[in-house]
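# A look at the structure
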Amino acid sequence: MNAWLQTAAVLTTALGLLAAAAAWRLTHTARGALAVLLDFLTAAGLLRLAGEPSWDSITLAAAVIALRKLLGASLHVSGRPVTGAGRAGPAK
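One structure accompanies this document, and this report is about it. (Residues numbered from 1 in each chain as written. Predicted model: local features only at pLDDT ≥ 70, side-chain atom pairs only at ≥ 80, totals over all residues. Heavy atoms only, no water.)

### Quick word on the overall build of the protein chain
- Helix and strand counts for the protein chain stand at three helices and two strands.
- When the helices and strands of the protein chain are placed in sequence order, the string is α-α-α-β-β.
- Looking at the protein chain alone, contacts between residues at least 24 apart form 59% of all its contacts between residues at least 6 apart.
- Of the roughly 6,000 Å² that the protein chain leaves accessible, carbon and sulfur atoms contribute 71%. (Helix = DSSP H or I, 4+ residues; strand = E, 2+ residues; numbered from the N terminus. Contact = heavy atoms within 4.5 Å. Areas by Shrake-Rupley, 256 points an atom, 1.4 Å probe, with all protein chains shown as cover.)

### Things to note about unusual backbone geometry
- For His28, which is not glycine, the phi torsion reads 60 degrees and is therefore positive.
- Summarising the element assignment, His28 is placed in the loop between helix H1 (3–27) and helix H2 (30–50).
- His28 sits in the exposed class, given a relative accessible area of 56%. (Buried < 20%, exposed > 50% of the residue type's maximum accessible area, 1.4 Å probe, protein only.)

### Observations concerning the packing of H1 against H2
- The geometry of H1 relative to H2 is characterised by a closest axis approach of 8 Å and an angle of 175 degrees between their N-to-C directions. Considered as vectors, H1 and H2 are oriented roughly antiparallel to each other.
- When grouped by side-chain class, the residues that make up the contact of H1 with H2 number 20 nonpolar, five polar and one charged. (Axes fitted to C-alpha atoms, helices over the stretch in contact; angles between N-to-C directions. Parallel < 35°, antiparallel > 145°, perpendicular 65-115°, else oblique. Nonpolar A, V, L, I, M, F, W, Y, C, P; charged D, E, K, R; others polar.)

### What about the side chain of Thr42?
- As for its position among the elements, Thr42 is in helix H2.
- The exposure class assigned to Thr42 is buried, which follows from its relative accessible area of 13%.
- Sequence-distant contacts of Thr42, that is, excluding residues within four places in its chain, are made with Val64, Ile65 and Arg68.

### Looking at H2
- For H2, which comprises 21 residues, the first-to-last C-alpha distance of 30 Å matches the rise-based estimate of 30 Å (1.5 Å per residue) to within 8%.
- Within H2, the full set of buried residues consists of Gly32, Ala33, Ala35, Val36, Leu37, Leu38, Thr42, Ala44 and Gly45. (Expected span 1.5 Å × (residues − 1).)

Structure representation (structure tokens):
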């Protein structure tokens, strides 16, 4: 993998952790923080795929995307839907 893509993926993961912590701090809900974290992890996985795609990186990216979809659906069903970049939508 290109060195700059690897660095970008690591930075995206680190920024995702910081953004998730900020989302949790601002909203006091795990839903928003988890949605933000999973979006950043998806972006990091796609950056890794942009380098030298291997079966390991494809499997990892697919697992993160599947987890994101599964958790997003369960968060939507369990309460207020998570919209946009992790912001909770209006209560129904």
